[in-house]
Amino acid sequence: MSTISHTQDELIEEFGLFEDWADKYEYLIDLGKKLLPMSESFKTEENVIKGCQSKVWLHAEKQGDLVVFQADSEAIIVKGMISMLIRVLSNHTPEEIMKADLYFIDQIGMSQHLAQTRSNGLVSMVKQMKNYAVAFHAIA
């Protein structure tokens with residue numbers, strides 16, 4: 001299994017293949033389109049991430065020692081963003097997720113190229129994923 005850092009490095013390398021942000025946005029959209037479908041039963045108000053301009057649902061469950069995330073969004077760019085976070089954080093222990101320094105967001109330039117509302121939403125997504133990890137760690 002890949003480490004969180006290794007997966008982040010892969011994403012940095014993938015985004016590095018593109019010269020301009022139009023191409024990077026296209027790639028982000030492609031990542032969103034490839035996100036595994038989320039079960040409709042998880043698209044509840046309880047799973048909506050607060051602080052996102054677009055509606056984003058996030059579900060987490062513990063499978064063995066690992067946290068597994070599922071998500072969906074009505075906005076395709078946001079769907080791409082959450083798909084990257086799932087790729088980086090899903091299938092890791094609560095401790096790994098809690099300690100993760102998500103440096104790839106800045107390294108690929110995401111922070112600088114998102115509108116303020118989307119940037120706030122990204123922070124909310126990361127916070128919610130880490131909150132799930134804290135909760136799973138507390139009940140372990």
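Residues numbered from 1 in each chain as written. Predicted model: local features only at pLDDT ≥ 70, side-chain atom pairs only at ≥ 80, totals over all residues. Heavy atoms only, no water.

## A closer look at helix 3 (residues 76-89)
Turning to step 1, where the next piece is worked out: In this model, helix 3 (14 residues) spans 20 Å end to end at C-alpha, consistent with the 20 Å of a helix rising 1.5 Å per residue.
Turning to step 2, where the next piece is worked out: Of all 14 residues making up helix 3, twelve are buried, and the element is well covered by its neighbours.
Turning to step 3, where the next piece is worked out: Along helix 3, the residues classified as buried are I77, V78, K79, G80, M81, I82, S83, M84, L85, I86, V88 and L89.
Turning to step 4, where the next piece is worked out: At the C-terminal side of helix 3, N91 shows a positive phi close to 70°. (Helix = DSSP H or I, 4+ residues; strand = E, 2+ residues; numbered from the N terminus. Expected span 1.5 Å × (residues − 1). Buried < 20%, exposed > 50% of the residue type's maximum accessible area, 1.4 Å probe, protein only.)

## Some remarks on the environment of D20
Turning to step 1, where the next piece is worked out: Relative to the assigned elements, D20 resides in the loop between helix 1 (4-16) and helix 2 (21-33).
Turning to step 2, where the next piece is worked out: In this structure the side chain of D20 is engaged in a polar contact, spanning 3.0 Å, whose partner is the backbone nitrogen of D23. (Polar contact = N/O pair within 3.5 Å; in protein donor to acceptor, adjacent residues only side chain to side chain.)

## Quick look at unusual backbone geometry
Turning to step 1, where the next piece is worked out: The residue N91 is not glycine, and still its phi comes out positive at about 70°.
Turning to step 2, where the next piece is worked out: When its relative accessible area of 36% is taken as the criterion, N91 is described as partly exposed.

## A look at helix 7 (residues 116-138)
Think of an α-helix as turning once every 3.6 residues; residues three or four places apart then point the same way.
Turning to step 1, where the next piece is worked out: Here helix 7 is 23 residues long and its end C-alpha atoms lie 33 Å apart, about the 33 Å a rise of 1.5 Å per residue gives.
Turning to step 2, where the next piece is worked out: The set of residues buried in helix 7 consists of S119, G121, L122, S124, M125, V126, M129, K130, Y132, A133 and F136.
Turning to step 3, where the next piece is worked out: On its buried face, helix 7 sits against strand 1 (56-63), strand 2 (66-73), helix 3, helix 4 (94-99), helix 5 (104-107) and helix 6 (110-113). (Contact = heavy atoms within 4.5 Å.)

## Quick word on the environment of E40
Turning to step 1, where the next piece is worked out: Relative to the helices and strands, E40 is located in the loop between helix 2 and strand 1.
Turning to step 2, where the next piece is worked out: Remark: the alpha-carbon pair of E40 and D72, spanning 32 residues in sequence, is separated by 9.7 Å.

## Description of the pattern of salt bridges
If charged atoms from side chains of opposite charge come close, those side chains can pair.
Turning to step 1, where the next piece is worked out: Across all of its chains, the model carries five salt bridges by this definition.
Turning to step 2, where the next piece is worked out: For R87, the salt bridge goes to E14, with nearest N and O atoms at 2.5 Å. One end of the pair, R87, is in helix 3; the other, E14, is in helix 1, and 73 residues separate them in sequence.
Turning to step 3, where the next piece is worked out: The class for R87 is partly exposed, based on a relative accessible area of 30%.
Turning to step 4, where the next piece is worked out: Residues D72 and K43 are paired through a salt bridge, measuring 2.6 Å at the closest nitrogen-oxygen approach. One end of the pair, D72, is in strand 2; the other, K43, is in the loop between helix 2 and strand 1, with 29 residues separating them in the sequence.
Turning to step 5, where the next piece is worked out: A relative accessible area of 24% places K43 in the partly exposed class.
Turning to step 6, where the next piece is worked out: Sharing partners across several salt bridges, the network here consists of E40, K43, D72 and K79. (Salt bridge = Lys/Arg side-chain N within 4 Å of Asp/Glu carboxyl O.)

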